[in-house]
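# Architecture and fold: a report
If you want the building blocks of each chain, they are given just below.
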Amino acid sequence: VQLQASGGGFVQAGGSLRLSCAASGRTFSRNLMGWFRQAPGKEREFAAAINWSGGNTYYADSVKGRFTISRDNRKNTVDLQMNSLKPEDTAVYYCAARRAPYTSSSYSTGDYDYWGQGTLVTVSS
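Residues numbered from 1 in each chain as written. Predicted model: local features only at pLDDT ≥ 70, side-chain atom pairs only at ≥ 80, totals over all residues. Heavy atoms only, no water.

In terms of nonpolar packing, the biggest core is built from 34 residues, with L3, W35, I69, L80, M82 and Y93 touching the most fellow members. Of all the secondary-structure elements, those providing two or more residues to this core are strand 1 (2–6), strand 3 (17–24), strand 4 (31–38), strand 5 (45–50), strand 7 (67–72), strand 8 (77–82), strand 9 (91–101) and strand 11 (119–124). Take this core: its biggest share by element is 5 residues, from strand 9. Residue contacts for M82: discarding those within four places in its chain leaves G15, S16, L17, L19, R66, F67, Y93 and V121. (Core = buried A, V, L, I, M, F, W, Y, C linked by side-chain atoms within 4.5 Å. Buried < 20%, exposed > 50% of the residue type's maximum accessible area, 1.4 Å probe, protein only. Helix = DSSP H or I, 4+ residues; strand = E, 2+ residues; numbered from the N terminus. Contact = heavy atoms within 4.5 Å.)

As structure tokens, then:
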């Protein structure tokens, strides 16, 4: 099972980026998926999550109103659209998935079973 994150890069403050996470090895169409981020010298933190159907989304207060998470179960992908980026959004972004099906959202890294390798987002001021 592999989660492959892509789409990171360098952007000026106020700009936008779209991250994508492609899953392979199994389907995650019944599983909660999320995005976490880890800034230099800090712990990994929750950014956003989406339930199995895409009908419920969850966001950290720091990204609410600026980031949008979405998924395509036919393609086995989950995306994170990031708008109005700020320098404090600079981090390595990781996609993650829970193994158990139909679970509610979780903000804890320990509740996610599968992790991608991360993609770096750098926002300049």
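There's plenty left to go through after this.
The backbone phi angle of N76 is positive, close to 65 degrees, even though this residue is not glycine. Mapped onto the secondary structure, N76 falls in the loop between strand 7 and strand 8. Residue classification places N76 among the buried positions, given a relative accessible area of 11%. In this model, Y102 sits at a positive phi of 60 degrees, which is unusual for a non-glycine residue. Here Y102 shows up in the loop between strand 9 and strand 10 (114–115).

This structure, assessed with the given rule, holds 1 disulfide. Between C21 and C95 runs a disulfide, and the two sulfur atoms are separated by 2.1 Å. A torsion of 55 degrees about the S-S bond marks the disulfide between C21 and C95 as right-handed. Highlighted residues: C21 in strand 3 and C95 in strand 9, separated in sequence by 74 residues. Here C21 matches C95 in class, with each residue buried. (Disulfide = S-S within 2.5 Å.)

This part takes up the pairing of strand 4. Here strand 4 lies mainly inside the structure; 7 of its 8 residues are buried. As paired strands, strand 4 and strand 9 are joined by 7 bridges and run antiparallel to one another. Residue pairing across strands places R37 opposite Y93, the latter belonging to strand 9. Sheet topology note: the strand 4/strand 5 ladder contains 5 bridges and is antiparallel. If you follow W35 over to strand 5, its bridge partner there is A48. Turn length for the strand 4-strand 5 hairpin, with the two strands adjacent in sequence and antiparallel, is 6 residues, and the turn residue G41 shows positive phi of about 80 degrees. (Pairing = 2+ DSSP bridges.)

What follows covers the packing of aromatic side chains. On inspection of all chains with the given rule, the structure shows 7 aromatic pairs. Through a chain of ring-to-ring contacts, three or more aromatic side chains come together here, namely F36, F46, Y107, Y112 and W115. The ring of F28 has R26 lying over it, and the distance from NZ or CZ to the ring centre is 4.5 Å. The ring of Y94 carries R44 above its face, with NZ or CZ at 3.6 Å from the centroid. (Phe/Tyr/Trp six-rings, centres within 6.5 Å; stacked < 30°, edge-to-face > 60°. Lys NZ or Arg CZ within 6 Å of the ring centre and 35° of its normal.)

Inspection of the secondary structure assignment puts S106 in the loop between strand 9 and strand 10. By relative accessible area, S106 is classed as buried at 5%. Taking the C-alpha atoms as reference points, S106 and L32, separated by 74 residues in sequence, lie 8.5 Å from one another. Ignoring sequence-local partners within four residues, the contact set of S106 consists of L32, F46, R98, D111 and Y112. A polar atom in the side chain of S106 sits 3.2 Å from the backbone nitrogen of S108. (Polar contact = N/O pair within 3.5 Å; in protein donor to acceptor, adjacent residues only side chain to side chain.)

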